[in-house]
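Listed here are the chains, written in short residue letters.
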Amino acid sequence: MSKLFSPVTYRGMTLKNRVIVAPMCQYSAQHGFANDWHLVHLGRFALGSFSLVIVEATGVTPEGRISYGCLGLWEDAQIAPLRRIVEFLHQNDAKAGIQLAHAGRKANAPIPWRGSFNETDAEKQTLGFESWTSVAPSAERHTASYPVPAALDAAGLARLRDGFVGAARRAEAAGFDMIELHSAHGYLLNQFLSPVANKRDDDYGGSLGNRMRFPLEVARAVRAAWPKDKPAFVRISVTDWIEGGVTVEESVAYAKELKAIGYDLVHCSSGGFDGAKIPVGPLYQAPLAEAVRKGADVPAAAVGLISKAEEAESILEKGQADLIALARQALDDPNWPLHAMRELLPGDTYGNWPQQAGYAVRNKDRALGLAK
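Residues numbered from 1 in each chain as written. Predicted model: local features only at pLDDT ≥ 70, side-chain atom pairs only at ≥ 80, totals over all residues. Heavy atoms only, no water.

(A) Fine view of unusual backbone geometry. A positive phi is found at Arg11, a non-glycine position, where the angle reads about 50°. By the element assignment, Arg11 lies in the loop between β1 (8–10) and β2 (13–15). The exposure class of Arg11 is partly exposed, given its relative accessible area of 38%. Phi angles above zero are rare outside glycine, and Asn108 is one such case at about 60°. (Helix = DSSP H or I, 4+ residues; strand = E, 2+ residues; numbered from the N terminus. Buried < 20%, exposed > 50% of the residue type's maximum accessible area, 1.4 Å probe, protein only.)

Rendered as structure tokens:
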């Protein structure tokens, strides 16, 4: 029996397999609203038999978006287009998740494929261009190409906590099965955790306990607002890959606190700050998931250049992680789980395809001598 294609349950959510879609920014929203691009982009993963599809980093406040093209969930009007996506995922046997996020000092960034703010006046109208002042733990810019952010005061911290809570309640109204708190990749909560970005000298800076304080305040408030029968995940950067930055040991301590609050799984990524020396390669983050899983005694998801079915199966069999999260590999092959089933499961797996496609793919494979 393949572990990759065995079910697993977190609170009231049962996943049909262990292959999930990690959040991937599309930079294609206008004023935070989801549209047909998001429906098709996310819906195809349900057709490809991923068990859980997590919507991209979604700003809990307008200035919390990574770019003007990112999704938001700071007002009730943004619920309906997301509910449409949730309903399509459910109709096609996938669970629906959403990542609640604030970009902090990495907000107000240009669209990646443009490379800079080179929009014409006409494009700004069409694309819904916006610009704003970012906020962060300290008035320290991410890199020289980013503006200096405004340091958050007590009122600002309270407003952001409320923003996360409000977004969680709207996610429930939209029908999502789970939420993921974004505490990775150099964004706001990760900025508080990391000495690379957090230069505060108050109760929110300095020691690990102080640096964890605001992320844990947000985590408690969000977990309290989210239904008890629905799971909540957290995505973290297990290490900054920078001397003097967050270490694996500190992330294990953070994961223990998150587990105590009631978070059900830690989604283990890494990096996010300028100057990181990341040893990128196949499965390079699987050991980080293993360290958190075993050190904090908490379920973990592995992510990062996992591309082959046997690799994913091995990570689970070795106890490095409980879920396999795909992002760029899912973009490259939205039918990855269906193809992996053919490799790992005995017998005829064509019945797992949508009925509109399974018979045709089987006939194609028969014609090529690949199936009986």
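(B) Spotlight on the packing of aromatic side chains. Under the definition given, this model contains 7 aromatic pairs. Here the aromatic rings of Phe192 and Phe214 are separated by 4.8 Å at their centres, their planes lie at 40°, and the arrangement is tilted. Here the residue Phe192 occupies a position in helix α5 (residues 188–193), and Phe214 occupies one in helix α6 (residues 208–225), the gap between them amounting to 22 residues. Of the two residues examined, Phe192 and Phe214, each falls in the buried class. (Phe/Tyr/Trp six-rings, centres within 6.5 Å; stacked < 30°, edge-to-face > 60°.)

(C) Structural view of the pairing of strand β12 (residues 323–326). Of the two faces of β12, the one lined by Leu323 and Ala325 and the one lined by Ile324 and Leu326 are each fully buried. With 3 bridges joining them, strand β3 (residues 19–21) and β12 adopt parallel strand pairing. The partner of Val21 across the bridge, within β12, is Leu326. As defined by bridge partners, strand β11 (residues 300–303) adjoins β12 across 3 bridges and the pair is classed as parallel. Bridge pairing in β12 links Ala301 to Leu323. The handedness of the β11 to β12 crossover, carried by helix α9 (residues 309–317), is right-handed. (Pairing = 2+ DSSP bridges. Right-handed = clockwise from strand over helix to strand, strands pointing away.)

(D) Highlighting the pattern of salt bridges. Evaluated as defined, the whole model comprises 19 salt bridges. As a salt-bridge pair, Arg159 and Glu63 come within 2.8 Å of each other at their nearest N and O atoms. On the criterion of sequence distance, the pair formed by Arg159 in helix α4 (residues 154–174) and Glu63 in the loop between β4 (52–59) and α2 (79–91) is long-range, its members being 96 residues apart. The exposure class assigned to Arg159 is partly exposed, which follows from its relative accessible area of 40%. For Glu63, a relative accessible area of 12% translates into the label buried. In this structure, Glu123 and Arg114 form a salt bridge, with 2.8 Å as the shortest nitrogen-oxygen distance. The exposure class assigned to Arg114 is partly exposed, which follows from its relative accessible area of 21%. (Salt bridge = Lys/Arg side-chain N within 4 Å of Asp/Glu carboxyl O.)

(E) Quick peek at the sheet that holds β4. If you walk around this closed barrel you meet the 8 strands as β3-β4-β5-β8-β9-β10-β11-β12, and the pairing is parallel. Adjacent strand axes in the sheet meet at a mean angle of 30° when their direction is disregarded. On the sheet, helix α1 (residues 36–47) packs against β3 and β4 and is oriented at approximately 150° with respect to β4. (Axes fitted to C-alpha atoms, helices over the stretch in contact; angles between N-to-C directions. Contact = heavy atoms within 4.5 Å.)

(F) Highlighting a nonpolar patch on the surface. Among the surface-exposed residues, Ile278, Val280 and Leu305 lie close enough to one another that they form a single nonpolar patch of about 230 Å² accessible area. Within the fold, Leu305 resides in the loop between β11 and α9. Look at Leu305 and you get partly exposed, because its relative accessible area is 35%. (Patch = residues over 30% accessible without salt bridge, like charges linked within 9 Å, V, L, I, M, F, W, Y side chains within 5 Å. Areas by Shrake-Rupley, 256 points an atom, 1.4 Å probe, with all protein chains shown as cover.)

(G) Molecular detail of the pairing of strand β9 (residues 232–237). Most of β9 is tucked away: 6 of the 6 residues are buried. By the bridge criterion, 5 bridges tie strand β8 (residues 178–183) to β9 in an arrangement that is parallel. Residue pairing across strands places Leu181 opposite Val234, the latter belonging to β9. Summarising the sheet, β9 and strand β10 (residues 265–269) pair through 5 bridges and their orientation is parallel. Considered in β10, the bridge of Phe233 is made with Leu265. Since β9 and β10 lie parallel, the crossover through helix α7 (residues 248–261) that links them has a hand, and here it is right-handed.

Limitation: the analysis is restricted to geometry and does not speak to function.
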